[in-house]
Amino acid sequence: MQVDRREHDFAEAMRAASRGDVTAYTRFLQNVSDWLRPIIRRELVRSGRSAADAEDIVQDTLLALHLKRNTWDESRPIGPWIRAIARHKLIDALRLPRGRSKDVSIDEFSDALPAEEMTCPAIDDRDIERRLDALAPGQRQVIQAIAIDGLSIAESAAKFAMTPVAVRVALHRALKSLSRMAGVS
Amino acid sequence: MKTENLIKAMVADREADGSVGPGALASAVGLGLVGSLLLYAATLAPRELSTALMQPRFAFKLLVTLLLAAGAAAVVARLVRPDGRSGPASLVALAAPLLLAVGVLVELAVVDAAAWRTRLIGDNAVACLLSIPLLSAPVLAAVILFLRKGAPTRPDLAGVFAGLLGGGLGAFLYASHCPDDSPLFVATWYPLAIAGVVLGSRILAMKLTRW
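This structure is a prediction, so every number in the text was calculated from the model and none was measured.

Caption draft 1: Inspection of the domain arrangement of chain A at higher detail. All names here are of chain A. Split by domain assignment, chain A resolves into domain 1 (1-122) and domain 2 (125-185). With ten residues of domain 1 at the contact, the number on the domain 2 side is twelve residues. The junction of domain 1 with domain 2 conceals about 910 Å² of combined surface from both sides, 49% of it contributed by carbon and sulfur atoms. Put simply, domain 1 and domain 2 have one residue pair in polar contact (both at pLDDT 80 or more) between them. Of the residues forming the side of domain 1 that touches domain 2, the biggest block, six residues, is contributed by helix α3 (residues 54-67). Class assignment for the residues of the side of domain 1 that touches domain 2 results in three nonpolar, two polar and five charged.

Caption draft 2: Region of interest: the interface of chain A and chain B. With 47 residues of chain A at the contact, the number on the chain B side is 34 residues. Where chain A abuts chain B, roughly 3500 Å² becomes buried across the two surfaces, and 59% of that area is made up of carbon and sulfur atoms. In this assembly, chain A and chain B are joined by one salt bridge. R76 of chain A serves as the salt-bridge partner of D83 of chain B, at 3.7 Å between the closest nitrogen and oxygen. For the interface between chain A and chain B, the tally reads 15 residue pairs in polar contact (both at pLDDT 80 or more).

Caption draft 3: Looking closely at the packing of aromatic side chains. All names here are of chain A. Overall, the coordinates contain six aromatic pairs over all chains when judged by the stated rule. When the centroid spacing of 5.7 Å and the interplanar angle of 55° are considered together, the rings of F10 and W35 count as tilted. Taken together, the positions of F10 in helix α1 (residues 2-18) and W35 in helix α2 (residues 22-46) put the pair 25 residues apart, joining distant regions of the chain. What makes F10 buried here is its relative accessible area of 5%. Of the aromatic side chains, those joined through ring pairs into one cluster are F10, Y25, F28 and W35.

Caption draft 4: Spotlight on a nonpolar patch on the surface. Residues and elements named next belong to chain B. A grouping of L91, L94 and L98 is seen on the molecular surface, where their side chains present a nonpolar patch of about 320 Å² in accessible area. Counting through the fold element by element, L98 comes out in helix α5 (residues 89-110). Residue L98 is classed as exposed on the basis of its relative accessible area of 58%.

Caption draft 5: How the structure looks around the pattern of salt bridges. Residues and elements named next belong to chain A. This structure, assessed with the given rule, holds 17 salt bridges over all chains. Among the ionic pairs, E55 bridges to R37, the shortest N-O distance being 2.7 Å. Highlighted residues: E55 in helix α3 and R37 in helix α2, separated in sequence by 18 residues. Judged by relative accessible area, R37 falls into the buried class, the value being 17%.

Caption draft 6: Here's a closer look at the packing of α3 of chain A against helix α1 (residues 3-12) of chain B. At a minimum axis distance of 11 Å, the contact between α3 of chain A and α1 of chain B shows a crossing angle of 10°. When the axes of α3 of chain A and α1 of chain B are compared, the pair comes out roughly parallel. Touching E55, Q59, L62, L63 and H66 of chain A of α3 of chain A are T3, L6, I7 and M10 of chain B, all from α1 of chain B. When the residues that make up the contact of α3 of chain A with α1 of chain B are grouped by side-chain class, the tally is five nonpolar, three polar and one charged.

Caption draft 7: Inspection of the confidence of the model for chain A at higher detail. Put simply, chain A has an average pLDDT of 84, and 82% of its residues get 70 or more. Low confidence marks residues 109-121 of chain A, where pLDDT is under 50. Its contacts with residues over four positions away, or in another chain, come to 18 contacts.

Caption draft 8: Up close: the UniProt feature "transmembrane region" (unreviewed entry) in chain B. Using the residue numbers shown here, the UniProt feature "transmembrane region" (unreviewed entry) corresponds to residues 20-42, 62-80, 92-118, 124-145, 157-175 and 187-205 of chain B. Across residues 62-80 of chain B one finds 95% helix and 0% strand; the C-alpha atoms that close the span lie 27 Å apart.

Caption draft 9: Structural view of the nonpolar core. Formed by 58 residues in total, the largest nonpolar core has its most connected members in F28, I78, I82, I143, L175 and L178 of chain A. When we break this core down by domain, the ones giving at least three residues each are domain 1 (1-122) and domain 2 (125-185) of chain A. The contact partners of L175 of chain A, leaving out residues within four places of it in the chain, are L63, H66, L67 and I143 of chain A together with L6, A9, M10 and D13 of chain B. One finds F58, A69, L135 and Y174 of chain B within the second-largest nonpolar core, a separate group that totals 54 residues.

Calculation criteria
- Residues numbered from 1 in each chain as written.
- Chains lettered and ligands numbered in written order.
- Predicted model: local features only at pLDDT ≥ 70, side-chain atom pairs only at ≥ 80, totals over all residues.
- Heavy atoms only, no water.
- Domains from an automatic or database assignment.
- Contact = heavy atoms within 4.5 Å.
- Buried area = accessible area lost by both parts, 1.4 Å probe.
- Polar contact = N/O pair within 3.5 Å; in protein donor to acceptor, adjacent residues only side chain to side chain.
- Helix = DSSP H or I, 4+ residues; strand = E, 2+ residues; numbered from the N terminus.
- Nonpolar A, V, L, I, M, F, W, Y, C, P; charged D, E, K, R; others polar.
- Salt bridge = Lys/Arg side-chain N within 4 Å of Asp/Glu carboxyl O.
- Phe/Tyr/Trp six-rings, centres within 6.5 Å; stacked < 30°, edge-to-face > 60°.
- Buried < 20%, exposed > 50% of the residue type's maximum accessible area, 1.4 Å probe, protein only.
- Patch = residues over 30% accessible without salt bridge, like charges linked within 9 Å, V, L, I, M, F, W, Y side chains within 5 Å.
- Areas by Shrake-Rupley, 256 points an atom, 1.4 Å probe, with all protein chains shown as cover.
- Axes fitted to C-alpha atoms, helices over the stretch in contact; angles between N-to-C directions.
- Parallel < 35°, antiparallel > 145°, perpendicular 65-115°, else oblique.
- pLDDT = per-residue confidence, 0-100.
- UniProt positions renumbered as here; feature names shortened; annotations may be inferred.
- Core = buried A, V, L, I, M, F, W, Y, C linked by side-chain atoms within 4.5 Å.

Structure below.
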């Protein structure tokens, strides 16, 4: 029941997002990351890895959800789609061989984690910072202006003396580069 | 960068890849087919179709190759999505080999055993092995590009079925040219040629459709 409700909300938010509803899309991405974070931590711990890596995988999953949002068929349930993407990113991060990938599941909690693992401090920006540094300077300044300084496309365009279209392109390329660098250490 | 900051960047980004629905796959295949037809026109010529189509063996090999391509397309359309499973759809791709097996049995029944060997070897085995991969290549390239727009979680399987799709259409085009019509010839050389395409396709897909 609770699962149906959440999936319904996710699907509604994605539909609203594809119509250009920025607030709905922000909430969708936040809710998805809050939902995935404990599940990914659990899977990391189960695979003998540090739960501190969870935020990297949450971010990779969000990037993939965003860049591959064209692959959600709106006539199908959104839950399996999100889980498939999260699972793919988790398997990538764990570098599991194909045969073992069946061990990984992005399902609801089947067993609770010990509390100290749940609340371990999230060092949430190690990997993404490294990847930001590797971006082309033009892409990096645009994504930092928008993500960290909170500028709009138009404000960033004015700041860097670029056209809004060029800012949009740089932002999109920056996100694609960040996603492509997933798991490359 | 904190996750909430990353979310701000994603929300500001309105660029998105196009659809990966069946229509998009159809246009990709159509585009690839234009390339294959150009190669076909440059290298081979169709038989006299009005008379050839009346011959059951000729019509049969066209049907088998088309069926293979159609079945594979149904599976590719599913595997392009992360939550896509090949599932029962992959059974459709078995229809072509099964039909071909029936054709072989019928051929063995109606043709004198002394003629089996000549029919199986035919006159165009080498041309078949070279032409089918060549004619498949443009369609295959278009389908791999289509898969790149998507998010296959089984790039190996997606590559196999992309190869069957490209190989099936390449074989269809080649079949319309080749005078060796016996199911014995088709069942011997076509699968060999298509297997090469599938192998190449699997390697390409695993390299190129990572995400």
